[in-house]
Amino acid sequence: MPRLGHNDTTARDAAWLRHAGDDWACYDSLPPQIRRRMQQHAYDPWSVNTLRLWRLFRRRHASSARAERTLLNHLDRLEAMERDIFDAAHRQAHGAPLPHVAARASVLRRAA
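Keep in mind it's a predicted model, so treat the numbers as computed, not measured.

### Re the nonpolar core
Moving on, step 1. With 15 residues, the main nonpolar core has Leu 30, Ile 34, Met 38, Leu 51, Trp 54, Leu 71 and Leu 75 as its most contacted residues.
Moving on, step 2. Counting residues per element, the ones that place at least two in this core are α2 (23–29), α3 (32–40), α4 (47–60) and α5 (64–94).
Moving on, step 3. Of the residues forming this core, the biggest block, 5 residues, is contributed by α5.
Moving on, step 4. When residues no more than four places from it in sequence are discounted, the contact partners of Leu 30 are Arg 35, Met 38, Ser 47, Thr 50, Leu 51 and Trp 54.

Here it is, written out as structure tokens:
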């Protein structure tokens, strides 16, 4: 069920846990390349969640550069998983895949 006052009516809330926090402050705390990738994604990767992942990956890896590469790859996997979730919900509701999934279209990205 969508949150009151929230216009996201997709299956996201059933699939993911969104951590509470200041979205803008968390976004501003992320490295520039991570912020750019978030802007390019076809969905909102939720900056509070992304900052939590960034901190986790930084603790796990010896270098910030390696943590950054790991997070970028992770965000790409999350985007693909989200597309699959949306497609499954669309198939259940309409009996057909999302048109861009059926067409095997790639995700359009804004040039960096």
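So, next bit.
### Regarding the side chain of Glu 79
Moving on, step 1. Summarising the element assignment, Glu 79 is placed in helix α5.
Moving on, step 2. Beyond its immediate chain neighbours, meaning those up to four positions away, Glu 79 contacts His 41, Ala 42, Tyr 43, Val 107 and Arg 109.

### Describing the packing of aromatic side chains
Moving on, step 1. This structure, assessed with the given rule, holds 1 aromatic pair.
Moving on, step 2. Judged by centre distance (6.0 Å) and plane angle (85 degrees), the rings of Trp 24 and Tyr 27 are edge-to-face. On the criterion of helical spacing, the pair formed by Trp 24 and Tyr 27 is a turn pair, its members being 3 residues apart in helix α2.
Moving on, step 3. Given the relative accessible area of 16%, Tyr 27 is considered buried.
Moving on, step 4. The ring of Tyr 27 carries the charged tip of Arg 35 above its face, separated from the ring centre by 5.8 Å.

### Some points on α5
Moving on, step 1. Compared with the 45 Å implied by 1.5 Å per residue over 31 residues, the 44 Å span of α5 between its first and last C-alpha is a close match.
Moving on, step 2. For α5, the complete set of buried residues consists of Ala 67, Glu 68, Leu 71, Leu 72, His 74, Leu 75, Leu 78, Glu 79, Glu 82 and Asp 87.
Moving on, step 3. Positioned one or two residues after α5, Gly 95 has a phi angle of 75 degrees, which is positive.

### Overview of the pattern of salt bridges
Moving on, step 1. Applying the stated criterion to the full structure yields 3 salt bridges.
Moving on, step 2. A salt bridge links Arg 37 to Asp 76; the shortest N-O distance between them is 2.8 Å. Residue Arg 37 is located in helix α3, and its partner Asp 76 is located in helix α5; the two are separated by 39 residues in the primary sequence.
Moving on, step 3. Salt-bridge contacts for Arg 91 lead to Asp 87; the nearest nitrogen and oxygen are separated by 2.7 Å.

### A word on a positive patch on the surface
Moving on, step 1. Together, Arg 55, Arg 58, Arg 59 and Arg 60 make up a region of like positive charge exposed at the surface.
Moving on, step 2. Residue position: Arg 55 is located in helix α4.

### Examining the confidence of the model for the chain
Moving on, step 1. Summary statistics for the chain give a mean pLDDT of 85 and a share of 84% for residues scoring 70 or more.
Moving on, step 2. Note that residues 1–5 has pLDDT below 50 and, in this model, 6 contacts with residues that lie over four places away or in other chains.

### Quick word on α4
Moving on, step 1. In a regular helix each residue adds 1.5 Å, so 14 residues correspond to 20 Å; α4 covers 20 Å between its end C-alpha atoms and thus fits that length.
Moving on, step 2. All buried positions along α4 are accounted for by Ser 47, Val 48, Asn 49, Thr 50, Leu 51, Trp 54 and Phe 57.
Moving on, step 3. Taken together, the buried residues of α4 touch α2, α3 and α5.

The rules behind these values
Residues numbered from 1 in each chain as written. Predicted model: local features only at pLDDT ≥ 70, side-chain atom pairs only at ≥ 80, totals over all residues. Heavy atoms only, no water. Core = buried A, V, L, I, M, F, W, Y, C linked by side-chain atoms within 4.5 Å. Buried < 20%, exposed > 50% of the residue type's maximum accessible area, 1.4 Å probe, protein only. Helix = DSSP H or I, 4+ residues; strand = E, 2+ residues; numbered from the N terminus. Contact = heavy atoms within 4.5 Å. Phe/Tyr/Trp six-rings, centres within 6.5 Å; stacked < 30°, edge-to-face > 60°. Lys NZ or Arg CZ within 6 Å of the ring centre and 35° of its normal. Expected span 1.5 Å × (residues − 1). Salt bridge = Lys/Arg side-chain N within 4 Å of Asp/Glu carboxyl O. Patch = residues over 30% accessible without salt bridge, like charges linked within 9 Å, V, L, I, M, F, W, Y side chains within 5 Å. Areas by Shrake-Rupley, 256 points an atom, 1.4 Å probe, with all protein chains shown as cover. Lys, Arg positive; Asp, Glu negative; His and termini not counted. Charge placed at Lys NZ, Arg CZ, Asp CG, Glu CD. pLDDT = per-residue confidence, 0-100.

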